[in-house]
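Results of the structural survey
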Amino acid sequence: GNSVTQMEGPVTLSEEAFLTINCTYTATGYPSLFWYVQYPGEGLQLLLKATKADDKGSNKGFEATYRKETTSFHLEKGSVQVSDSAVYFCALSDHQTGANNLFFGTGTRLTVIP
Amino acid sequence: ETGVTQTPRHLVMGMTNKKSLKCEQHLGHNAMYWYKQSAKKPLELMFVYNFKEQTENNSVPSRFSPECPNSSHLFLHLHTLQPEDSALYLCASSLVTRFDLTNYGYTFGSGTRLTVV
């Protein structure tokens with residue numbers, strides 16, 4: 001089946017620290033991978049995506065590389081800001097199943113302190 | 001504003017009430033979804049509509065009833081809910097190709113915070 005496992009939070013970092021949020025997946029086919037971010041009181045926003053192996057998604061200083069050999073899609077940022085405080089969700093969409101559903105992880109709450 | 005609008009933003013209802021949640025998008029998307037977000041749980045997919053036809057119903061209790069009158073609007077009708085149904089209900093839309101249902105990523109609304117008393 002399809003599933004996403006991401007590191008449990010919460011994660012608390014000082015401003016300008018390096019961020020890694022781990023995400024691994026299982027899929028029956030050839031998934032596309034996504035990171036979504038949810039700021040307080042809002043819905044989820046697409047942060048970045050990658051549709052095939054070795055693709056790197058990037059946006060707003062965040063990056064994630066689609067690693068088929070390790071079935072991973074870890075989120076990284078070199079220098080976090082207070083405004084990055086939010087909940088981050090890893091997700092996959094599996095084309096092989098013929099469905100267009102997104103499977104989400106449980107989310108990782110990030111708090112960045114000044 | 002993301003392009004997907006959900007109303008109301010907050011709703012408090014008694015267990016015997018009937019209410020409806022509304023979702024609207026004018027992004028030209030052809031698939032719409034309802035998700036339930038509860039604390040410390042993964043997002044739960046409830047319903048999927050592709051090209052206005054319901055294609056998924058993930059064992060959702062019948063007290064939740066979706067309606068998709070056109071590709072821009074999606075409703076979730078609620079009746080005789082339970083306190084454990086209190087959650088954030090998120091609507092999303094996406095553009096899918098009819099051939100292989102390739103997903104180009106969802107656009108989410110801000111959600112309706114539902115409290116059942």
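The shown structure was predicted, so the numbers you read here are calculated from the model rather than taken from an experiment.

All names here are of chain A. Tallying each qualifying case throughout the model produces five salt bridges over all chains. Here Lys52 makes a salt bridge to Asp55, at a shortest N to O gap of 3.3 Å. Lys77 is the partner of Asp84 in a salt bridge, and the nearest nitrogen-oxygen pair spans 2.8 Å. A residue is classified by how much of its surface remains accessible, and Asp84, at 6% relative accessible area, is buried.

This paragraph deals with unusual backbone geometry. Glycine aside, a negative phi is what most residues show, and trans is what most peptide bonds show. At the junction of A:Gly9 and A:Pro10, the peptide bond is cis and its omega measures out at -5° in the coordinates. If you trace the backbone, A:Pro10 turns up in the loop between β1 (3–6) and β2 (11–14). The omega torsion of the bond from B:Thr7 to B:Pro8 falls at -10°, within 30 degrees of zero and hence cis. Among the secondary structure elements, B:Pro8 is positioned in the loop between β1 (4–7) and β2 (10–13). Even without a glycine there, the phi angle at A:Glu16 is positive, about 80°.

About the cut-offs
- Residues numbered from 1 in each chain as written.
- Chains lettered and ligands numbered in written order.
- Predicted model: local features only at pLDDT ≥ 70, side-chain atom pairs only at ≥ 80, totals over all residues.
- Heavy atoms only, no water.
- Salt bridge = Lys/Arg side-chain N within 4 Å of Asp/Glu carboxyl O.
- Buried < 20%, exposed > 50% of the residue type's maximum accessible area, 1.4 Å probe, protein only.
- Helix = DSSP H or I, 4+ residues; strand = E, 2+ residues; numbered from the N terminus.

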